Each structure stands twice: as C-alpha cells, then as structure tokens.
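Breakdown of the fold
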Amino acid sequence: MLTYRHEVVHTFGWYVRKMIANVKARGATPIILSLTVRNIWTEGKVERGSGEYRAWDQAIARSAGIDFVDLTRILADRYQELGEEKTGAFFAKDHTHTIPAGADFNAAAVVAGLKGLRGGPWESFLSAKGHAAPADTIGWLNLPEAVNPAMPTLLLIGDSTVRNGCGDGAGGQWGWGDALPAHINTGKLNVVNRAVGGLSSRTFLTQGHWDRVLTLLKRGDFVLMQFGHNDDSALNDEKRARGTIKGVGEETQEIDNRLTKQHEVVHSYGWYLRRFIREAKARGITPIVCSPVPRKTWKDGKIVRSAEGYAGWARKVAAEEGAAFIDLNDLVAQRYEALVRSGWRRCLPTNTPIRAGRVRSLMRRSWRSP
C-alpha cells in the first residue's frame, strides 16, 4: 500500500543472513550487534531487549560463524549501574531515541564490545577516546539470561564444574549446570547458568558477576550456588589472585592485589557465601547452597570428600543462615563409588578424568540397575 508494488516479505533472519552473505561476497567482515536498550523500567530494573530479536541475532551470528556483540547486555548492565534517573537523562522525546550524550554513551558501549572480540584489529583503529573505553571482558563467555522473564528463574552461580568456558563443551568438558535443564520443565522454570570457570566465591563477587546476577533476578526466583574448587588458591599473585581465607569466620586480610593493582580486603570462604545468601534473601530470592562436587581423587577405594573443608563449611554457613543445602560433595562421591561397585569404572583408564557426559551416561545405567 505504501509503494504500490508487489513484494515478497521474508523473516527478520532472512534479511540479516542476506546482508551477511552480501558483505562476505565483497570480502568484508560482517559483525552483528544486538539492539540498543530502551528506557523502560519495571520495579527498578531496565528492560533487557525488545522481543526476541537479540536471541535471533545471536543465533544467526553463531550459525554464520561471525562475531556477535551483545550490545543489549552491555547497555543494560551499564544503565542498571547508572540507575533509572541518570539513564533517563539520555532520552529526550521517547524511550528509544537518545540525545547526543546518550548516543555517545551507546557508542562507547559498541567500542567496548568490539574491543572485547578476541583477535580483532580494533586497538589499531581507535582514537584516544576509543582507547580510553574499557573493553567488554565477558562477552566471550556467552552468559545466558532468562528465556521468559515472566516465569520464575533458577539461576546457577559457581565455577567451571558448573559451567566450563563459554558453555559449549570445548575440549570435551562440561559443567553439571549445562546438563541440568534436561531434568527441568523449562516451560515452567527458566534455568540460567551464570557460573564462570576459574572464579572463586571471592572473584565472582569482585569481578562484578554477583551484581549482574542480582539485576537478572526477581522476587520468587532461586539462586543455586556452588563454590570451593578455586577458593583454595593463592590470596595474592600475578595469575589469578582468587583465594579466600579458609573457614567461615569473620577474619580478614588486607592486600595490595598484584593482579588487579588494587587494594583489597579478603574475607573467608564462609563470608562470601553469607553475603550471597543474605543479599538474595533481602530481595525475596531463595538461596540454595551446594557443597562442591568432589574431584576424582580415590583413597582406599573411596572418593575423597571434603567434609572437614569446603563441603563442611558450605553446610555450616547454610545451616547458620537458614538456607537450603545440597551436599553434592557426598552425593556425587557415593554415585562415583557405586559406578566402581557396578564395574563401570573398569572401562575407563585410571588417569582419565570422569567427564560430565560420561558420568551422566554411566549413572543413568547405574540407576536402572537392580
């Protein structure tokens, strides 16, 4: 009716894929960005994307094998940090279009996303202003968000035993959180795995992941936490600087962090768990504490537990804070030992880690055994 011409209309994805193909055909590099964020807030939280376009963009980029910048996530996180009033100052006549200051803020977010792409040439192309913009360091992790925010959400936090790398099974390694959705009716409950490999309870907090988690959760949601594997590391070094003080006490240690070059007060393992639990409860979110899954360490025919260490400390904190507790350390150890008794471990070399996929397969058979 507008052009008075016959036209064949396609899907959003069709048009984006056509653009990608046309760009590649000319020897240029296509990069997909998700949508900017609208100035729409509900109960103190900014809208994190309009419709399903963000998910479609990501899926198209993945299938085409090209880079994707989740501008929606970057901006939503930054707007959330600014707050509703300051964010509103970027918008003039409506909730979509920005004034010059807002456009510059958004442009800096685009630069952050480009700088975060691994192996990109962007540093050589940037002005002094572009160099000053901090890179988005978590884009490569491909951290998920709730598919349907209107439903309740079970959100997982932890280390690589919960989610390894960017959650794609690289190197054949998966976290147990990646297998959990298959056991849940995801039509009634979102399962969002925000665990980050290599982090401890301390660095999950200090690197901002916990604050970002809180922006994704609402009253009535659940947060399932499992830390411990990386807490038993150096408190201060040039590599990870991720260790926590052993135990559940209130003792602290002040350090000049050799990795971050920042002064920091380090707390106990229990202190960090207590903070997660208390802040979740204060927002009407139900915390569930898991003891860390055991390592594949055998002694006298049994898997070594950590009842006197991180597993025991997790149990103690949960009990003291009135939080639900799942003793994964002992539950998984029992099932590993059951595999040995049933003869399944004879199929595995003694020096081969029991990976998540193999464990699930063997356990299914073990549970069906009489």
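Here's a quick rundown of the structure. (Residues numbered from 1 in each chain as written. Predicted model: local features only at pLDDT ≥ 70, side-chain atom pairs only at ≥ 80, totals over all residues. Heavy atoms only, no water.)

Scanning the chain for helices and strands turns up 13 helices and 13 strands. Referenced to the eigenvectors of the C-alpha coordinate spread, the extents of the chain come out at roughly 80 × 50 × 40 Å. For the chain, with 370 residues in total, the buried portion stands at 43%. Looking at the chain alone, contacts between residues at least 24 apart form 65% of all its contacts between residues at least 6 apart. Within the chain, one finds 52 positive and 38 negative side-chain charges whose respective centroids are separated by 8 Å. (Helix = DSSP H or I, 4+ residues; strand = E, 2+ residues; numbered from the N terminus. Buried < 20%, exposed > 50% of the residue type's maximum accessible area, 1.4 Å probe, protein only. Contact = heavy atoms within 4.5 Å. Lys, Arg positive; Asp, Glu negative; His and termini not counted. Charge placed at Lys NZ, Arg CZ, Asp CG, Glu CD.)

Moving on, we come to the sheet that holds strand β5 (residues 153–158). Strand order in the open sheet formed by five strands is β6-β5-β7-β10-β13, and the pairing between neighbours is parallel. Two strands in the sheet have a free side with no partner beyond their single neighbour: β6 (190–193) and β13 (324–326). The mean angle between the axes of side-by-side strands here comes to 20°, regardless of whether they run parallel or antiparallel. Of the pairings in the sheet, the one linking β5 to β6 comprises four bridges and is parallel in character. Pairing of T153 across the sheet is with N190, part of β6. (Pairing = 2+ DSSP bridges. Axes fitted to C-alpha atoms, helices over the stretch in contact; angles between N-to-C directions.)

For N257, the position within the fold is in the loop between β8 (253–256) and β9 (263–266). Judged by relative accessible area, which is 3%, N257 ranks as buried. Looking at N257, its side chain comes within polar contact range of the main-chain nitrogen of T260, at 3.1 Å. Setting aside anything within four residues of it in sequence, one finds N257 in contact with R202, N236, A241, Q262 and E264. (Polar contact = N/O pair within 3.5 Å; in protein donor to acceptor, adjacent residues only side chain to side chain.)

Let's shift gears to the packing of helix α1 (residues 12–25) against helix α2 (residues 53–64). Contact pair α1 / α2: the axes reach a minimum separation of 10 Å and the direction vectors enclose 40°. The angle between the axes of α1 and α2 places the two elements in the oblique class. Pair α1 / α2 crosses with right-handed handedness. Contact residues: α1 offers F12, G13, V16, R17, I20 and K24, while α2 offers Y53, W56, D57, I60 and A64. Tallied by class, residues from the contact of α1 with α2 come to seven nonpolar, one polar and three charged. (Parallel < 35°, antiparallel > 145°, perpendicular 65-115°, else oblique. Left-handed = near helix turned anticlockwise from the far one by under 90°. Nonpolar A, V, L, I, M, F, W, Y, C, P; charged D, E, K, R; others polar.)

Glancing now at the nonpolar core. Core analysis: the largest hydrophobic core is formed by 38 residues, its most contacted members being I157, F204, W210, V223, M225, L273 and F276. Of all the elements in the fold, those that place two or more residues in this core are β5, α8 (201–206), α9 (209–216), β7 (222–226), α10 (269–282) and α11 (310–321). Of all the elements, α10 adds the most residues to this core, at seven residues. Setting aside anything within four residues of it in sequence, one finds L273 in contact with M225, F227, V289, A314 and V317. Among the nonpolar cores identified, the runner-up in size contains 17 residues, and V293, I303, A333 and Y336 belong to it. (Core = buried A, V, L, I, M, F, W, Y, C linked by side-chain atoms within 4.5 Å.)

Let us look at the environment of V332. Here V332 lies in helix α12 (residues 328–342). With relative accessibility at 16%, the residue V332 sits in the buried group. V332 sits 40 residues away from P292 along the chain, and the two C-alpha atoms are 9.6 Å apart. With near-sequence residues (within four places) excluded, V332 lies in contact with V293 and P294.

Taken together, the side chains of F12, L35, Y53 and W56 define a hydrophobic patch exposed on the protein surface, amounting to about 330 Å² of accessible area. Tracing the chain through its elements places L35 in the loop between β1 (31–33) and β2 (41–42). Its relative accessible area of 30% is what places L35 among the partly exposed residues. (Patch = residues over 30% accessible without salt bridge, like charges linked within 9 Å, V, L, I, M, F, W, Y side chains within 5 Å. Areas by Shrake-Rupley, 256 points an atom, 1.4 Å probe, with all protein chains shown as cover. Salt bridge = Lys/Arg side-chain N within 4 Å of Asp/Glu carboxyl O.)

Looking now at the packing of aromatic side chains. For the coordinates displayed, the defined rule picks out 16 aromatic pairs. Ring geometry for W271 against Y272: centres 5.0 Å apart, planes inclined by 85°, an arrangement best described as edge-to-face. Residue W271 is classed as buried on the basis of its relative accessible area of 19%. Residue class for Y272 comes out buried when judged on its relative accessible area of 1%. Here the aromatic rings of Y310 and W313 are separated by 4.8 Å at their centres, their planes lie at 80°, and the arrangement is edge-to-face. Taken together, the residues span about one helical turn, with Y310 and W313 both in helix α11 at a distance of three residues. Through a chain of ring-to-ring contacts, three or more aromatic side chains come together here, namely Y79, F90, F91 and F105. (Phe/Tyr/Trp six-rings, centres within 6.5 Å; stacked < 30°, edge-to-face > 60°.)

We now examine unusual backbone geometry. Most peptide bonds are trans, and most residues other than glycine sit at a negative phi. For Y4, which is not a glycine, the phi torsion comes out positive at approximately 60°. Looking at the element boundaries, Y4 is found in the segment before α1. Even without a glycine there, the phi angle at D300 is positive, about 55°.

Residues three or four positions apart in an α-helix share a direction because the helix packs 3.6 residues into each turn. A rise of 1.5 Å per residue sets the reference length of α11, with its 12 residues, at 16 Å; its end C-alpha atoms lie 16 Å apart and thus fit the reference within 8%. All of the buried residues along α11 are Y310, A311, G312, W313, A314, V317, A318 and E321. Elements in contact with the buried residues of α11: α10, β10 (286–290), β13 and α12. Once α11 ends, the next one or two residues include G322, with phi positive near 70°. (Expected span 1.5 Å × (residues − 1).)

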